[in-house]
Amino acid sequence: MTKKASTTAHTKKYAALLRGINVGGNKKVPMAELRSLLEGLGHGDVQTYLQSGNAVFSSPQTDPTALARALEAAIEDHFGFRVACLVVDGDHLAAVAEACPFPAADLEGRQLHATFFSEQPGPERFAALDAPAYLPEEYRLGDRVLYLYAPNGLGRSKLAEALARPAVVKGLDVTTRNWNTVLKLVELTRS
């Protein structure tokens, strides 16, 4: 992780969640270049976490959607491909962690995931999903987030596959993080 100098007191901390980068050699976005892009957009306190597209920064701007679109445009201009980005403020991340309907402290980080949505999905998106058929896997909706309990991990989750179908996610920017990453991003957006 790299940390830059702090910015003024009138800023807010955000986490940028990039979808589908640095997976299987596709859409390579080196974290040093991501930090440079964020700094070039005028953001301060820029840090990255892991290689999977997590960045934390401060900004005086107050519109997370505008911040996400600006970052998407900068990435496309710099790298030549589009990457969906979600930007969430630290308060929202903390609220997501606090509102977790599953016993997070009793689970391994790989068993619990948060899928972040660009907009709140309506219940009609999940109407055709036969949730009991996927037990012991479960999900719960929150505020622009879906909590997923997958006891055998995300890679083996049939429920995760069903939740990623176009009927559920069409028209939304969506990205998932394991619970350990969520907690680390909460910590980084508080500091």
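Residues numbered from 1 in each chain as written. Predicted model: local features only at pLDDT ≥ 70, side-chain atom pairs only at ≥ 80, totals over all residues. Heavy atoms only, no water.

A. Looking closely at the sheet that holds strand β6 (residues 138-141). As summarised here, the arrangement of the four strands in space is β6-β7-β5-β8, forming an open sheet in which the pairing is antiparallel. On the outer flanks of this sheet lie β6 and β8 (174-178), each paired with one strand and no other. Taking the axes of each pair of neighbouring strands and ignoring which way they run, one obtains an average angle of 20 degrees across the sheet. Pairing between strand β5 (residues 112-117) and β8: five bridges, direction antiparallel. Bridge pairing links Phe117 to Val174 in β8. The strands touched by helix α6 (residues 179-190) are β5, β7 (145-149) and β8; relative to β8, the strand with the most contacts, the crossing angle is about 95 degrees. (Pairing = 2+ DSSP bridges. Helix = DSSP H or I, 4+ residues; strand = E, 2+ residues; numbered from the N terminus. Axes fitted to C-alpha atoms, helices over the stretch in contact; angles between N-to-C directions. Contact = heavy atoms within 4.5 Å.)

B. The arrangement of the nonpolar core in detail. Counting 23 residues, the largest nonpolar core has Leu17, Leu93, Phe102, Phe116, Tyr147 and Trp179 as the members making the most contacts within it. Breaking this core down by element, the ones donating at least two residues are β1 (12-18), β4 (85-89), α3 (90-98), β5, β7 and α6. Tallying contributions element by element places α6 first for this core, with five residues. (Core = buried A, V, L, I, M, F, W, Y, C linked by side-chain atoms within 4.5 Å. Buried < 20%, exposed > 50% of the residue type's maximum accessible area, 1.4 Å probe, protein only.)

C. A look at the pattern of salt bridges. Enumeration over the complete set of coordinates arrives at nine salt bridges. Here Arg140 makes a salt bridge to Glu138, at a shortest N to O gap of 2.7 Å. A relative accessible area of 37% places Arg140 in the partly exposed class. The salt bridge involving Lys158 is made with Glu161; its shortest N-O contact spans 3.8 Å. On the criterion of helical spacing, the pair formed by Lys158 and Glu161 is a turn pair, its members being three residues apart in helix α4 (residues 158-163). Salt bridges linked by common partners bring Arg69, Glu72, Arg82 and Asp173 together as one network. (Salt bridge = Lys/Arg side-chain N within 4 Å of Asp/Glu carboxyl O.)

D. Expanded view of the layout of surface pockets. Taken as a whole, the largest pocket encloses approximately 540 Å³ of empty space. Around the largest pocket sit 26 residues that line it, and Arg19, Ala164, Val174, Thr175 and Thr176 are the ones nearest its centre. Listed by contribution, the elements that provide at least two residues to the lining of the largest pocket are β5, β7, α4, α5 (166-169) and β8. The element best represented in the lining of the largest pocket is β8, accounting for four residues. Grouping the constituent residues of the lining of the largest pocket by class yields 15 nonpolar, six polar and five charged. Taken as a whole, the second largest pocket encloses approximately 180 Å³ of empty space. Lining the second largest pocket are 14 residues, and of these Thr65, Leu86, Val87, Phe117 and Ser118 lie nearest its centre. Elements supplying a minimum of two residues to the lining of the second largest pocket: α2 (64-79) and β4. Here the residues of the lining of the second largest pocket sort into seven nonpolar, three polar and four charged. (1 Å grid on protein atoms, 1.4 Å probe; cavity = no way out; pocket = protein on both sides within 12 Å on 5 of 7 lines; lining within 4 Å. Points joined across faces, edges and corners; volume = space filled by probe spheres on them. Nonpolar A, V, L, I, M, F, W, Y, C, P; charged D, E, K, R; others polar.)

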